[in-house]
Amino acid sequence: MSDLLSFRQDLISKKTSAGDLTRRCLDVIRRADTRVKAFITVLEDGALAQAKAVDQKIARGEPVGPLAGVPVAVKDNICATEARTTCGSKILETYVPPYDATVVDRLRKADAVIIGKTNLDEFAMGSSTENSAFFTTRNPWNLDLVPGGSSGGSAAAVAAGMAPLALGSDTGGSIRQPAALTGTVGFKPTYGRVSRYGLVAYGSSLDQIGPFGKSVADVALLAQTISGHDPMDATSVARPPLQAVGNLEIDVQGLRLGVPKEYFGAGLDPEVRASVEGAISALEKRGATRVEVSLPMTEHGIAAYYIVAPCEASSNLGRYDGVHYGHRAKTFEDVASLMARSRREGFGPEVTRRIILGTFALSSGYYEAYYNRALKVRRKIKQDFDRAFETCDVLVGPTSPTPAFPVGAKANDPLAMYLCDVYTVSTNLAGLPGISIPCGLTKAKLPIGLQIQGKAFDDLGTLRAARCFERELALTLPWPSL
Ligand code: GLN
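Here the residue numbers are simple positions, counted from 1 along each chain's written sequence. Given that the model is predicted, a residue must reach a pLDDT of at least 70 before its local features are reported, and side-chain atom pairs must reach 80 or more before they are shown or counted; all residues, however, enter totals for whole chains, interfaces and linings. Side-chain numbers come from the whole structure's heavy atoms, not from hydrogens or water.

## As for the overall build of the protein
Okay, so step 1: Strands are runs of DSSP state E lasting at least 2 residues, helices are runs of H or I lasting at least 4, and numbering of each runs from the N terminus. On a plain count of helices and strands, the protein comes out with 15 helices and 11 strands.
Okay, so step 2: What you see for the protein is a C-alpha radius of gyration of 21 Å, in line with the 23 Å of a compact globule of 482 residues.
Okay, so step 3: Overall, the protein is about 65 × 55 × 45 Å in size when its C-alpha atoms are taken along their principal axes.
Okay, so step 4: Every one of the 482 residues in the protein was classed for burial, and the buried ones make up 60%.
Okay, so step 5: Per element, the accessible surface of the protein, about 18,000 Å² overall, is 54% carbon and sulfur.
Okay, so step 6: Residues counted as positive are Lys and Arg, residues counted as negative are Asp and Glu, and His and the chain ends are not counted. By convention, the charge on Lys lies at NZ, on Arg at CZ, on Asp at CG and on Glu at CD. Considering the protein, the positive charge centre built from 54 side chains and the negative charge centre built from 50 side chains are found 1 Å apart. Each radius of gyration is computed over the set of C-alpha atoms, and the globule rule expresses the reference value as 2.2 Å times the number of residues to the power 0.38. Accessible area is worked out with a 1.4 Å probe on protein chains only. A residue is then buried under 20% of its type maximum, exposed over 50%, and partly exposed in between. Each accessible area value is a Shrake-Rupley result obtained with a 1.4 Å probe; residue values ignore everything except the protein chains displayed when judging cover.

Following this line, the structure appears as structure tokens:
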């Protein structure tokens with residue numbers, strides 16, 4: 001059984017309490033977060049009060065929600081009214097949102113405990129959390145290494161035992177890649193499955209909120225809680241919430257695993273390759289069928305993504321003008337200099353680069369050559385997936401080409417950083433569900449992630465396939481204790 005379902009039983013039978021679990025998490029944060037730096041804000045008092053309210057409900061014999069008493073860490077680009085939502089940016093350093101994101105609202109209704117807001121690459125642009133304007137989050141497995149990004153704070157918080165669950169956002173891999181680098185499970189649902197209302201927009205046609213946890217069942221529980229139609233998000237799809245809890249076990253026999261040859265080419269770390277191949281063989285031995293497939297457009301994924309995402313970002317980030325809200329320059333001559341100066345002071349270098357790239361690619365004369373062309377590639381990527389899924393149920397491969405790398409190793413080389421996303425961006429371009437689960441450790445004792453991509457709206461099938469791997473591999477990770 002999942003950790004959290006057994007916690008729930010103990011909670012209801014009063015063997016444990018919400019206060020207990022929350023205090024334990026806060027203890028780990030107090031002890032270790034000066035080194036890990038997963039959190040921008042820790043909501044100590046609020047979390048204890050929420051936990052107490054759950055314990056009181058139970059004492060009174062009232063029913064409690066599916067996440068009763070479970071501490072959840074929330075990425076700091078998701079709005080919650082009790083604290084700042086900074087997006088890891090100076091431009092929103094003091095911004096306290098006047099409303100809750102729909103996912104946060106659903107957490108509250110499920111009786112979860114919101115324990116804090118986690119660090120991220122500024123506006124979720126990055127793959128290492130080094131682009132945060134405030135500090136770099138460290139990988140709990142080795143503090144000299146990055147935890148991945150952009151949801152590195154959420155991934156690190158779960159890996160370090162600071163919260164059993166966390167929310168991240170994934171525009172091109174920002175849930176799956178940090179999950180891979182920290183040994184956690186991270187799930188990006190199908191585009192439209194989870195409301196984006198209250199998620200600060202980066203690339204609106206790509207962004208999707210999703211869960212981190214230490215098991216597929218825990219992640220499924222949180223995914224189910226936050227999924228479902230929301231009239232506040234026009235791209236939210238009118239489908240009922242995911243029905244995954246208690247519904248994950250399927251037979252490996254007959255499961256068709258598509259293995260894209262392009263995911264095992266040059267640039268893939270040999271240890272990652274061996275571990276992912278080993279996991280696939282293990283499932284084959286238990287009765288799964290391996291299907292060789294090809295996704296020929298994979299090599300163009302990064303190029304298309306790094307046009308589409310910056311284009312959307314340049315438009316979305318136009319709202320930070322020093323007038324409506326956010327950082328405002330102290331000195332200026334006129335409105336134009338107020339806006340220019342506020343933006344220059346408020347945005348970090350990577351965000352600035354993306355805005356310039358996106359504005360250029362959208363400008364007259366270049367729009368056809370760059371943006372429209374990228375959209376054509378995007379359609380072809382989608383067609384690749386459609387073709388592949390004619391012969392298999394899910395696609396399996398590595399999540400990230402390498403395990404966690406040292407802080408600083410790619411910080412000054414944007415292209416090297418972008419290449420971290422080579423296996424993850426296509427999922428977002430096609431709007432598909434994707435999950436990363438741990439499949440082994442390197443010789444240096446670093447986690448390796450295996451990615452499963454599913455058909456659009458087959459979030460359940462994706463989670464079930466992930467559960468098959470988890471069950472058959474039966475990996476027990478030596479979680480770092482800090
Ligand atoms: N690393 C990718 C980027 O920088 C993906 C980020 C994300 O998924 N938010 O855009």
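Past the structure itself, the notes keep going.
## A short note on the pairing of strand 9 (residues 394-398)
Okay, so step 1: For strand 9, the tally of buried residues reaches 5 of 5 residues, placing the bulk of the element in the interior.
Okay, so step 2: Between any two strands, pairing holds if DSSP finds at least two bridges. Pairing between strand 7 (residues 256-260) and strand 9: 2 bridges, direction parallel. Each residue of the ladder has a partner; that of Leu257, found in strand 9, is Val394.
Okay, so step 3: Here strand 9 runs beside strand 11 (residues 447-453); their pairing, made up of 4 bridges, is antiparallel. Among the inter-strand pairings, Leu395 is bridged to a residue of strand 11, identified as Gln453.

## Notes on unusual backbone geometry
Okay, so step 1: With an omega of 10°, the peptide bond running from Gly149 to Ser150 counts as cis.
Okay, so step 2: With respect to the helices and strands, Ser150 occurs in the loop between strand 3 (113-118) and helix 5 (152-159).
Okay, so step 3: Unusually for a residue other than glycine, Lys14 sits at a positive phi of about 60°.
Okay, so step 4: With respect to the helices and strands, Lys14 occurs in the loop between helix 1 (3-12) and helix 2 (18-36).

## Some words on a nonpolar patch on the surface
Okay, so step 1: In this scheme, patches are assembled from residues that exceed 30% relative accessible area and form no salt bridge. Like charges are connected within 9 Å, while nonpolar side chains (Val, Leu, Ile, Met, Phe, Trp, Tyr) are connected within 5 Å. Here a salt bridge means any side-chain nitrogen of Lys or Arg lying within 4 Å of a carboxyl oxygen belonging to Asp or Glu. A contiguous nonpolar surface patch, about 230 Å² in accessible area, is contributed by Val323, Val335 and Met339.
Okay, so step 2: Counting through the fold element by element, Met339 comes out in helix 10 (residues 335-346).
Okay, so step 3: Judged by its relative accessible area of 31%, Met339 falls in the partly exposed class.

## Considerations on the pattern of salt bridges
Opposite charge on two side chains allows them to pair when their charged atoms are near.
Okay, so step 1: Scanning the model with the defined rule gives 27 salt bridges in all.
Okay, so step 2: A salt bridge links Arg290 to Glu277; its shortest N-O distance comes to 3.1 Å. Linking Arg290 in strand 8 (residues 289-293) with Glu277 in helix 8 (residues 270-285), this pair joins segments that are 13 residues apart in sequence.
Okay, so step 3: Owing to a relative accessible area of 25%, Arg290 belongs among the partly exposed residues under this scheme.
Okay, so step 4: One salt bridge connects Glu470 with Arg467, and the closest N-O pair in it is separated by 2.8 Å. Of this pair, Glu470 and Arg467 are both found in helix 15 (residues 459-473), 3 residues apart, which corresponds to roughly one turn of the helix.
Okay, so step 5: Its relative accessible area of 23% is what places Glu470 among the partly exposed residues.

## Examining the site of the ligand
Okay, so step 1: Around the ligand lies a shell of 15 residues, among which Thr171, Gly172, Ser174, Tyr202 and Tyr305 are the nearest.
Okay, so step 2: The backbone of Gly172 places a nitrogen or oxygen atom 2.6 Å from an oxygen atom of the ligand.
Okay, so step 3: Whenever a nitrogen or oxygen atom comes within 3.5 Å of another N or O atom, the pair is scored as a polar contact, on the condition that within protein one atom can donate a hydrogen and the other can accept it, and that pairs from neighbouring residues in sequence are kept only if both atoms are in side chains. In this structure, Asp421 approaches the ligand through a side-chain N or O atom, which is 2.8 Å from a nitrogen atom.
Okay, so step 4: Burial of the ligand by the protein chains amounts to 100% of its free accessible area of 290 Å².
Okay, so step 5: Polar here means any residue outside two lists: the nonpolar Ala, Val, Leu, Ile, Met, Phe, Trp, Tyr, Cys and Pro, and the charged Asp, Glu, Lys and Arg; Gly therefore counts as polar. The class makeup of the residues in the shell around the ligand is 5 nonpolar, 7 polar and 3 charged. We call a residue near a molecule or strand when any one of its heavy atoms sits within 4 Å of it.

## A short note on the packing of aromatic side chains
Okay, so step 1: Any two of the Phe, Tyr and Trp rings considered here, Trp counted by its six-membered ring, make a pair once their centres fall within 6.5 Å; the pair's planes then place it as stacked at under 30 degrees, edge-to-face at over 60, or tilted in between. A full pass over the atoms with the stated rule returns 15 aromatic pairs.
Okay, so step 2: Measuring from ring centre to ring centre gives 5.1 Å for Phe123 and Tyr320, while their planes differ by 50°; the resulting arrangement is tilted. Remark: Tyr320 occurs in the loop between helix 9 (298-316) and helix 10 and Phe123 occurs in the loop between strand 3 and helix 5; sequence separation between them is 197 residues.
Okay, so step 3: By relative accessible area, which is 2% here, Phe123 ends up buried.

## Some thoughts on the state of the cysteines
Okay, so step 1: The term disulfide is used for any two cysteine sulfur atoms that are within 2.5 Å. On inspection of all chains with the given rule, the structure shows 0 disulfides.
Okay, so step 2: Left without a disulfide partner, Cys79 is nearest to the cysteine sulfur of Cys87, which lies 7.3 Å away.
Okay, so step 3: For Cys79, a relative accessible area of 2% corresponds to the buried category.
Okay, so step 4: Its relative accessible area of 1% is what places Cys87 among the buried residues.

## Observations regarding the packing of helix 7 (residues 216-226) against helix 15
Okay, so step 1: A fitted line through C-alpha atoms serves as each axis, taken over the contacting stretch for helices, and the angle formed by two N-to-C directions is quoted from 0 to 180°. Packing of helix 7 against helix 15 leaves a shortest axis separation of 9 Å and a crossing angle of 160°. In terms of their interaxial angle, helix 7 and helix 15 are classed as roughly antiparallel. Of the two possible hands of crossing, helix 7 and helix 15 adopt the one that is left-handed. Contacts from Val216, Val219 and Ala220 of helix 7 reach helix 15 at Leu463, Ala466, Arg467 and Glu470. In this scheme, roughly parallel covers angles under 35 degrees and roughly antiparallel covers those over 145, while 65 to 115 is roughly perpendicular and the rest are oblique. Left-handed describes a crossing whose near helix is turned anticlockwise from the far helix through less than a right angle; right-handed describes the clockwise counterpart. Two residues qualify as a contact provided that any one of their heavy atoms is within 4.5 Å of a heavy atom in the partner residue.

## Focus on the sheet that holds strand 4 (residues 165-170)
Okay, so step 1: Strands sit in the order 1-3-2-4-6-5-10-11-9-7-8 across an open sheet of 11 strands; the sheet is mixed. At either margin of the open sheet sits one strand with a lone partner, and together these are strand 1 (39-42) and strand 8. Taken over all neighbouring pairs, the strand axes of this sheet differ in orientation by 30° on average, direction set aside.
Okay, so step 2: In terms of strand pairing, strand 4 meets strand 6 (residues 208-213) through 5 bridges, oriented antiparallel. Counted as the bridge partner of Ser169 is Ile209 from strand 6.
Okay, so step 3: Contacting strand 5 (185-188), strand 7, strand 9, strand 10 (434-441) and strand 11, helix 15 runs over the sheet at an angle of about 10° to strand 10.

## A few points about the environment of Gly88
Okay, so step 1: For Gly88, the location among the structural elements is in the loop between strand 2 (71-75) and helix 4 (102-109).
Okay, so step 2: Not counting residues within four places of it along the chain, the set of residues in contact with Gly88 comprises Ile40, Leu120, Glu122, Asn131, Ser132, Ala133 and Phe134.

## Topic: the side chain of Thr86
Okay, so step 1: With respect to the element layout, Thr86 can be found in the loop between strand 2 and helix 4.
Okay, so step 2: A distance of 2.7 Å separates polar atoms of two side chains, one belonging to Thr86 and the other to Asp76.
Okay, so step 3: Here Gly88 takes part through its backbone nitrogen, which lies 3.0 Å from a polar atom of the side chain of Thr86.
Okay, so step 4: In contact with Thr86, not counting residues within four places along its chain, are Ile40, Asp76, Leu92, Glu93 and Phe134.

By themselves these figures say nothing about function.
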